[in-house]
Structures are given as structure tokens and as C-alpha cells.
Amino acid sequence: HIGWQKPAIEFFSHCLKDQNVSRENVILIGDSLQADIQGGNNVGIQTIWYNPHHKPCTLKKSPTYEID
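A. Quick look at the environment of Leu59. Within the fold, Leu59 resides in the loop between strand E2 (46-50) and strand E3 (65-67). In the structure, Leu59 is positioned 52 residues away from Pro7 in sequence and 13 Å away in space, judged by C-alpha atoms. In this structure Leu59 touches Leu33, Gln34, Ile37, Gln38 and Asn41, once residues within four positions along its chain are discounted.

Right under this line is the structure:
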């Protein structure tokens, strides 16, 4: 337990620090627009949205990539 949950910036910042990687070397793959993609957007990580049902993106900033 790290004390934060997605999409909190602190969650992703902790994960980056824990794994000793920079944002530029990470791409986040997720199926949740709110938790995964918004979280990645909040911290400046590239994102891949797994969207097998072709739902519309409801975020202000779209994922970097979308796959199905």
C-alpha cells in the first residue's frame, strides 16, 4: 500500500521513483479512462488506451494511442 490511488499524481510519481525511471521512458497501458489514461495525462506519461468496445473518449486530453 503506497497511500495513493490512480489517478493521483502522487501514485504515478511514487511508481516512477520506485522503479527509477523517467516519464520519457514510460508508456502506460490501461483500460480505464479515469484511472489509467487521466492519471498518465496528469503526470505527463504517454498512454495507450485499451478500448475493445470502441467507446468515445470523454477526456479533455486524449490518450497518446488507442488499441482494441
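B. Representation of helix H2 (residues 33-43) in the model. Most of H2 sits out of view: eight of its eleven residues are buried. Looking at H2, one finds that the buried residues are Leu33, Ala35, Asp36, Ile37, Gly39, Gly40, Asn41 and Val43. In this structure, the buried side of H2 is in contact with helix H1 (9-19), strand E1 (27-30) and E2. Backbone geometry just after H2 places Gly44 at a positive phi near 80 degrees.

Thresholds applied
Residues numbered from 1 in each chain as written. Predicted model: local features only at pLDDT ≥ 70, side-chain atom pairs only at ≥ 80, totals over all residues. Heavy atoms only, no water. Helix = DSSP H or I, 4+ residues; strand = E, 2+ residues; numbered from the N terminus. Contact = heavy atoms within 4.5 Å. Buried < 20%, exposed > 50% of the residue type's maximum accessible area, 1.4 Å probe, protein only.

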